[in-house]
Structure formats: structure tokens, C-alpha cells
Amino acid sequence: MSQLNHTDLIQDITDKLNRAEITLGQAVHAIRTRLYQLTQADYARLCKVSEKTLREVEKGNTDPRLSIVERLLRPGGMALAARVITNRVQTMSERVQANSQNS
């Protein structure tokens, strides 16, 4: 795969993650299959995680430790980052009121 295609694929995966169009597991699956064309066994070995862990992350059946997420994203040139997604913090009374209305 050419460097341009590699860069485009990573950008596509990153954009979809940022827009919440794909899950972490789907991103890992895309890195593994679209970028490297690897089997789960080979990618798990590359990332130094168990094949079962990789399979469960890709399916969305687990809540992996941050260290596992980092290992699974690293071959795609990605790293875990936090970002603020809200513009306004609710007051405690607003949160209590919202919770009581949803119950």
C-alpha cells in the first residue's frame, strides 16, 4: 500500500472515530483489515495481546484497559486522547431534575 493510501485510510478512520460513526472496535478492525490485511491471530501477535482480547474488542464485547487500547491503536499510528464534548456543565440541581424526569 502506498504511503498516500495509508495516510488516507488512517485519516478516514480517525475522522469516523471523531464523528462517533464507528466504535473503537470497528476502528481496530479497520486498521487490522484495511491497513494491514492481517488475521486476528497475526494482529494480536503484533500488538502483544491475546487473540481472544482482540476478538472481544473488535466485537465491542469488552471494556478494555487503556494499555490494551493503546497497543491496538499504535500500529495504525494512533494514540488515545481525551477531548471535551460538551459546551456547558449542568448544575447539580439540573442533573437531579433531569434524572428524576427520566425515572
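Residues numbered from 1 in each chain as written. Predicted model: local features only at pLDDT ≥ 70, side-chain atom pairs only at ≥ 80, totals over all residues. Heavy atoms only, no water.

How should I be thinking about the overall build of the chain in this particular structure?
When you go through the chain residue by residue, the secondary structure sums to six helices and zero strands. On C-alpha atoms alone, the chain measures out to a radius of gyration of 17 Å, which is more than a quarter above the 13 Å that the 2.2 N^0.38 rule sets for 103 residues. Projected onto its principal axes, the C-alpha positions of the chain cover 55 × 30 × 20 Å. Here the chain holds 103 residues, and 27% of them are scored as buried. (Helix = DSSP H or I, 4+ residues; strand = E, 2+ residues; numbered from the N terminus. Rg over C-alpha atoms; globule rule 2.2 N^0.38 Å. Buried < 20%, exposed > 50% of the residue type's maximum accessible area, 1.4 Å probe, protein only.)

Explain the packing of helix α2 (residues 24–35) against helix α4 (residues 51–59) here, please?
Each packed pair of helices is defined by two parameters, the angle between the axes and the distance between the axes. Where α2 contacts α4, the axes come no closer than 6 Å and their chain directions differ by 120°. The angle between α2 and α4 falls in the class oblique. Across from G25, Q26, V28, H29 and R32 in α2, the residues of α4 making contact are L54, V57 and E58. (Axes fitted to C-alpha atoms, helices over the stretch in contact; angles between N-to-C directions. Parallel < 35°, antiparallel > 145°, perpendicular 65-115°, else oblique. Contact = heavy atoms within 4.5 Å.)

Would you mind showing me how to read the side chain of E58 here?
Its location among the elements puts E58 in helix α4. Here Q40 takes part through its side chain, which lies 2.9 Å from a polar atom of the side chain of E58. If near-sequence neighbours (up to four positions away) are discounted, E58 is found in contact with G25, Q26, V28, H29, R32 and Q40. (Polar contact = N/O pair within 3.5 Å; in protein donor to acceptor, adjacent residues only side chain to side chain.)

Hey, could you run me through the environment of K48 in this one?
Within the secondary structure, K48 sits in the loop between α3 (40–47) and α4. Since its relative accessible area comes to 67%, K48 is described here as exposed. Between the C-alpha atoms of K48 and Q90, which are 42 residues apart in sequence, the distance is 41 Å.

Where do I start with helix α5 (residues 66–73) in this structure?
Since the α-helix packs 3.6 residues into each turn, any two residues three or four apart lie on the same face. Looking at α5, one finds that the buried residues are I68, V69, L72 and L73. With its buried residues spanning 125° around the axis, α5 presents them on a single face. Turning to α5, the residues buried within the fold contact α2, α3 and α4. (Arc of directions from axis to C-beta.)

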